[in-house]
Amino acid sequence: MEKKELILEGKAKRLYTTEDEALVIQEFKDDASAFNGVKKGSISKKGEINCAISSIFFEYLESYHVPTHFIQIQAPNEMLVKKVDIVLIEAVMRNIATGSLVKRLGFQDGKALDHPVFEIYLKNDDLGDPLINEYHAYALGIALPDEIRSIFRITAKVNAILKSFLERRGLILVDFKLEFGRDEKGELIIADEISPDTCRFWDRKTHKKLDKDRFRFDMGGVDQAYQEILERISKI
Ligand SMILES: Nc1ncnc2c1ncn2[C@@H]1O[C@H](COP(=O)(O)OP(=O)(O)OP(=O)(O)O)[C@@H](O)[C@H]1O
Ligand SMILES: [Mg+2]
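Reading guide: rules and limits
- Residues numbered from 1 in each chain as written.
- Chains lettered and ligands numbered in written order.
- Predicted model: local features only at pLDDT ≥ 70, side-chain atom pairs only at ≥ 80, totals over all residues.
- Heavy atoms only, no water.
- Domains from an automatic or database assignment.
- Buried area = accessible area lost by both parts, 1.4 Å probe.
- Salt bridge = Lys/Arg side-chain N within 4 Å of Asp/Glu carboxyl O.
- Polar contact = N/O pair within 3.5 Å; in protein donor to acceptor, adjacent residues only side chain to side chain.
- Helix = DSSP H or I, 4+ residues; strand = E, 2+ residues; numbered from the N terminus.
- Nonpolar A, V, L, I, M, F, W, Y, C, P; charged D, E, K, R; others polar.
- Near = heavy atom within 4 Å.
- Areas by Shrake-Rupley, 256 points an atom, 1.4 Å probe, with all protein chains shown as cover.
- Buried < 20%, exposed > 50% of the residue type's maximum accessible area, 1.4 Å probe, protein only.

Now for the domain arrangement of the protein chain. Entries for the protein chain in the domain assignment read domain 1 (6-82) and domain 2 (85-221). A buried area of about 2400 Å², summed over both sides, lies between domain 1 and domain 2, and 65% of it is on carbon and sulfur atoms. The largest share of the area that domain 1 buries against domain 2 comes from K39, F57 and Y60, three residues that together contribute 23% of it. At the junction of domain 1 with domain 2, the criterion picks out five salt bridges. Residues K11 and D125 are paired through a salt bridge, measuring 3.4 Å at the closest nitrogen-oxygen approach. For the interface between domain 1 and domain 2, the tally reads 15 residue pairs in polar contact (both at pLDDT 80 or more). Take the side of domain 1 that touches domain 2: its biggest share by element is nine residues, from helix α1 (residues 46-63). Split into classes, the residues belonging to the side of domain 1 that touches domain 2 amount to 16 nonpolar, nine polar and six charged.

In the vicinity of ligand 1 lie 18 residues, with K11, A12, K13, K123 and E179 positioned nearest. Here an oxygen atom of ligand 1 and a backbone polar atom of A12 are 2.6 Å apart. Protein coverage of the free-state accessible area of ligand 1, which is 600 Å², stands at 86%. When the residues that make up the shell around ligand 1 are grouped by side-chain class, the tally is seven nonpolar, three polar and eight charged. Each of domain 1 (6-82) and domain 2 (85-221) accounts for three or more of the residues forming the shell around ligand 1.

Once that is clear, we can look at the pattern of salt bridges. A full pass over the atoms with the stated rule returns 25 salt bridges. Linking K13 and E193 is a salt bridge whose minimum nitrogen-to-oxygen distance equals 2.7 Å. Of this pair, K13 sits in strand β2 (residues 13-17) while E193 sits in the loop between β12 (188-191) and β13 (199-203), placing them 180 residues apart in sequence. The same class applies to K13 as to E193, namely buried. It is possible to trace a salt-bridge network through shared partners that takes in K3, E9, R14, E27, K29, D31 and E78.

Further remarks concern the environment of Q227. In this structure, Q227 sits in helix α6 (residues 222-234). Taking the C-alpha atoms as reference points, Q227 and T206, separated by 21 residues in sequence, lie 18 Å from one another.

Next comes the structure, spelled out in structure tokens:
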């Protein structure tokens, strides 16, 4: 399928229409940003690597009947996906305390959470994607109670599936973010991407960070870390 018109350019991806109204092409860029767009840069081969990683995760989730927007890879950095109306929520699941959980709530960095923490954030760059709860979502009219319950249920299922998939490959799924959209039937499906830009992965033995934190905190070896994730999850 050919790319037609550019509909949307974000910080990490571009979206194009196709001849099929129900499908769009998601093109992954090498551009990287962090801290709400304050830090900018580029990661060599990131577009191709994140496209490949995301497609592996989407296909694996589909095999467990988790609905996603994924249709197929189009080109090394292009993915054909179902067009959705994005729900203006970022769903986050955390297995290990780090990042904002440490800063905001004083958790010890690296503490394993006996109870995984589920959070929702409002997708609004002007407001800095603030943490909200379900009542804010209802009051803002961005999701119905049933939809929030589905988002929670699907996110918990994704956590269970990907955690053990990654464990078998020597990786800890520290936390991750999902975006959801409504398909043509109004059903919620996972959209956007699942990659080292949107998840934290640590090596199980050394706790070496293999995700965007290397870019956020100028730790070096960013492109190698992304490549390593792809190599590890490509093994059967
Ligand atoms: N299947 C889809 N249909 C429609 N829009 C989608 C789909 N998948 C992802 N998107 C949206 O396309 C955009 C992808 O671009 P990118 O991730 O670069 O945005 P961004 O700069 O991170 O901004 P945002 O804060 O909106 O995520 C996002 O706004 C995402 O919500
Ligand atoms: Mg994004």
